[in-house]
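Architecture at a glance
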Amino acid sequence: MAFTDMQSIYSSLGINARVFDICEDVLSGLEDRFKAIDETSEFCQLRVLNAFQKNNVNESCLLGTTGYGYNDIGRDTLEKVYADYFHAEDCLVRPQITCGTHALALALMSNLRPGDELMSAVGKPYDTLEEVIGIRPSKGSLAEYGITYAQADLNDDGTPSYENIKNAINDRTKLVTIQRSKGYQTRPSLSVETIGRIIETVKSVRKDIICMVDNCYGEFVERIEPTDVGADMVVGSLIKNPGGGLAQVGGYIAGTSECIENVSYRLTAPGLGREVGPSLEALPRMFQGFFMGPVVTASALKSAIFAATLFEKYGFGSFPAGSEDRHDIIQAITFGKPESLIAFCEGIQSAAPVDSSYAPEPWDMPGYDSKVIMAAGAFVSGSSIELSADGPLREPYTAYFQGGISWPHGKFGIIKAFQTLVDKGLVLC
Ligand SMILES: *Cc1c(COP(=O)(O)O)cnc(C)c1O
């Protein structure tokens with residue numbers, strides 16, 4: 001009997017009774033939040049199912065092609081499913097789009113021409129885009145092709161400035177980029193409603209400006225997507241939310257027929273476009289991952305809220321706070337000292353299904369001015385929809401935590417991280 005009670009299975013994984021009780025107590029206060037998350041996930045699940053059925057996904061769609069990949073029915077069907085889910089005219093979803101940055105670079109490079117200007121509506125974009133744009137000089141950047149860049153800075157409280165957005169638009173502004181998730185910044189992530197207001201502001205100046213949304217980490221978090229509020233393109237990575245933890249590689253770009261056609265000629269070659277690009281053996285995981293995406297995203301959201309609420313209770317900073325509305329799956333927790341940040345990451349690593357016996361070590365990562373510690377024990381390398389955490393070893397010692405492809409595992413990872421801090425005397429309880 002004893003073996004089958006919850007306490008003893010946690011105990012066998014190194015969680016003591018006191019920590020278990022504290023965590024159960026925190027969770028009992030989150031029931032309403034979790035119910036709302038389940039409802040959003042239910043809504044999105046049916047929205048996805050609808051797209052599958054409408055496009056008649058059948059068994060033959062799961063077979064891949066090789067070589068040029070002509071007449072790849074599965075690939076073409078998957079792209080229709082994505083387009084339908086996003087309420088977009090068209091979509092490209094491919095294993096040849098290697099990551100989120102690649103997808104964003106493709107969307108930009110294919111829709112901008114020399115002499116055009118790109119404008120970021122919400123301050124500085126994600127780190128890796130700095131080299132794509134040429135904010136940091138880089139070979140092959142948009143800047144090398146004579147495409148200039150402008151930026152609408154945020155208000156002091158991190159919210160979008162509609163005034164700055166209007167002022168940053170000129171005659172050459174061709175495309176406006178809007179980043180939904182804060183990424184590794186400290187501004188709030190944007191709700192889809194706020195994205196709609198930004199788009200409305202841009203279009204009120206000139207209707208033909210292309211509005212692109214970097215949708216990374218935002219898919220399935222709300223019932224609507226940026227394409228429901230006027231975005232011309234949405235872009236994301238399949239090793240985040242829409243891959244459901246199953247897709248092994250890939251990116252997507254959904255949007256208007258014209259924008260997506262432009263992307264297709266840059267993705268392969270002028271004249272070839274979307275007709276080439278074999279799906280190889282990637283389709284079963286891409287289809288199933290998209291199908292699982294809403295419940296997997298819900299697991300990650302619950303994990304984020306649980307982590308925020310638990311660590312707040314013991315005096316650590318959380319951003320967003322446990323009680324705040326969510327617009328993406330990233331949770332920042334501020335530890336104030338290096339030992340605690342390291343202990344948190346060690347706890348996350350030791351909770352992983354893969355590589356749990358390794359301890360993460362701070363290292364000098366290219367492009368960073370301080371050491372960075374990363375914890376991930378994932379089935380798919382670099383996947384950040386799976387339970388993972390990372391943080392730079394500098395003030396204020398913040399861990400960026402995300403993922404958890406099942407809620408029980410996300411929950412366990414956070415409890416294990418908390419237990420690690422307790423064991424090291426870094427939390428008193
Ligand atoms: C992850 C991410 C990217 C880049 O994605 P990669 O797959 O790591 O290249 C871009 N923007 C945001 C907001 C992201 O979170």
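Residues numbered from 1 in each chain as written. Predicted model: local features only at pLDDT ≥ 70, side-chain atom pairs only at ≥ 80, totals over all residues. Heavy atoms only, no water.

**Remarks on the site of the ligand**
Definition in use: Residue proximity to a molecule or strand is established when one non-hydrogen atom of the residue lies within 4 Å of it. Here a polar contact means two N or O atoms within 3.5 Å. Within protein one must be a hydrogen donor candidate and the other an acceptor candidate, and residues neighboring in sequence count only if both atoms are side-chain atoms. Only the protein chains shown count as cover for residues, and all accessible areas are computed by the Shrake-Rupley method using a 1.4 Å probe. Buriedness for pockets is judged along seven lines, at least five of which must meet protein on both sides within 12 Å for an open set on the 1 Å grid over protein atoms alone, while cavities are sets there where a 1.4 Å probe fits but cannot get out, and lining residues have an atom within 4 Å of a point. In this scheme, a molecule is assigned to a cavity or pocket if more than half of its atoms are within 2 Å of the grid points. Secondary structure elements follow DSSP: runs of H or I no shorter than four residues count as helices, runs of E no shorter than two count as strands, and numbering proceeds from the N terminus. Note that Gly is not counted as nonpolar here; it falls among the polar residues with everything else outside the nonpolar set of Ala, Val, Leu, Ile, Met, Phe, Trp, Tyr, Cys and Pro and the charged set of Asp, Glu, Lys and Arg.
Taken together, the neighbourhood of the ligand is formed by Cys99, Gly100, Thr101, Leu104, Tyr126, Gln179, Asp214, Cys216, Tyr217, Ser237 and Lys240. The side chain of threonine 101 places a nitrogen or oxygen atom 2.5 Å from an oxygen atom of the ligand. Here aspartate 214 contributes a side-chain N or O atom positioned 2.6 Å from a nitrogen atom of the ligand. Protein chains shield 89% of the accessible area of the ligand, which is 380 Å² for the free molecule. The cavity where the ligand resides is the largest pocket. The element contributing the most residues to the shell around the ligand is helix α5 (residues 100–111), with three residues. Each residue belonging to the shell around the ligand can be placed in one class, and the counts come to five nonpolar, four polar and two charged.

**Re the sheet that holds strand β9 (residues 331–334)**
Which entries qualify depends on this criterion: In this description, strands pair whenever DSSP reports at least two bridges between them. Whenever a helix is involved, its axis is fitted only over the stretch in contact; in every case the axis is a line through C-alpha atoms, and angles between N-to-C directions fall within 0 to 180 degrees. Contacts between residues were defined by any pair of non-hydrogen atoms, one from each residue, lying within 4.5 Å.
Pairing in this open sheet of five strands is antiparallel, and the strands run β8-β9-β12-β11-β10 from one edge to the other. Every other strand in the sheet has two partners, leaving β8 (317–319) and β10 (372–376) as the edge strands with one partner each. Geometrically, the sheet is characterised by an average inter-axis angle of 15° between neighbouring strands, direction not taken into account. In this structure, β9 lies alongside strand β12 (residues 398–402), joined through four bridges in antiparallel fashion. Each residue of the ladder has a partner; that of glutamine 331, found in β12, is phenylalanine 401. In the packing of helix α11 (residues 338–350) onto the sheet, the strands contacted are β9, β10, β11 (388–392) and β12, and the crossing angle to β10 comes to about 20°.

**Re the sheet that holds strand β4 (residues 173–179)**
Across the sheet, seven strands lie side by side as β1-β7-β6-β5-β4-β2-β3; this open sheet has mixed pairing. The open sheet is flanked by β1 (90–94) and β3 (148–151), the only strands paired with a single partner. The average angle at which neighbouring strand axes cross in this sheet is 20°, direction not considered. Sheet topology note: the strand β2 (residues 117–120)/β3 ladder contains four bridges and is parallel. Bridge pairing in β3 links leucine 118 to tyrosine 149. Along the sheet, α5 contacts β2, β4, β5 (210–214), β6 (233–237) and β7 (251–255); its crossing angle with β6, the most-contacted strand, is approximately 155°.

**A look at the pairing of β7**
Spelled out, the test is: We call a residue buried when its accessible area falls under 20% of the maximum for its residue type, exposed when it is over 50%, and partly exposed in between, using a 1.4 Å probe and counting protein chains only.
Across the five residues that make up β7, a large majority, five, are buried. Residues Gly251, Ile253 and Gly255 point to one face of β7 and Tyr252 and Ala254 to the other, with burial holding for every one of them. Where β1 meets β7, five bridges bridge the pair, whose relative direction is antiparallel. Pairing of cysteine 91 across the sheet is with alanine 254, part of β7. Pairing of β6 with β7, which is carried by five bridges, proceeds in the antiparallel orientation. Within β7, the residue paired with valine 234 across the bridge is alanine 254.

**A few points about the domain arrangement of the chain**
Convention followed: Where each domain begins and ends is defined by an automated method or by a domain database. Every case where a carboxyl oxygen of Asp or Glu lies within 4 Å of a side-chain nitrogen of Lys or Arg is listed as a salt bridge.
Per the domain assignment, the segments of the chain are domain 1 (6–43 + 291–423) and domain 2 (63–283). Computed from C-alpha coordinates alone, the two centres of domain 1 and domain 2 are separated by 28 Å. Each partner contributes residues to the interface: domain 1 has 28 residues there, and domain 2 has 26 residues. Counting every contact that joins domain 1 to domain 2 gives one salt bridge. As a salt-bridge pair, lysine 182 and aspartate 328 come within 3.9 Å of each other at their nearest N and O atoms.

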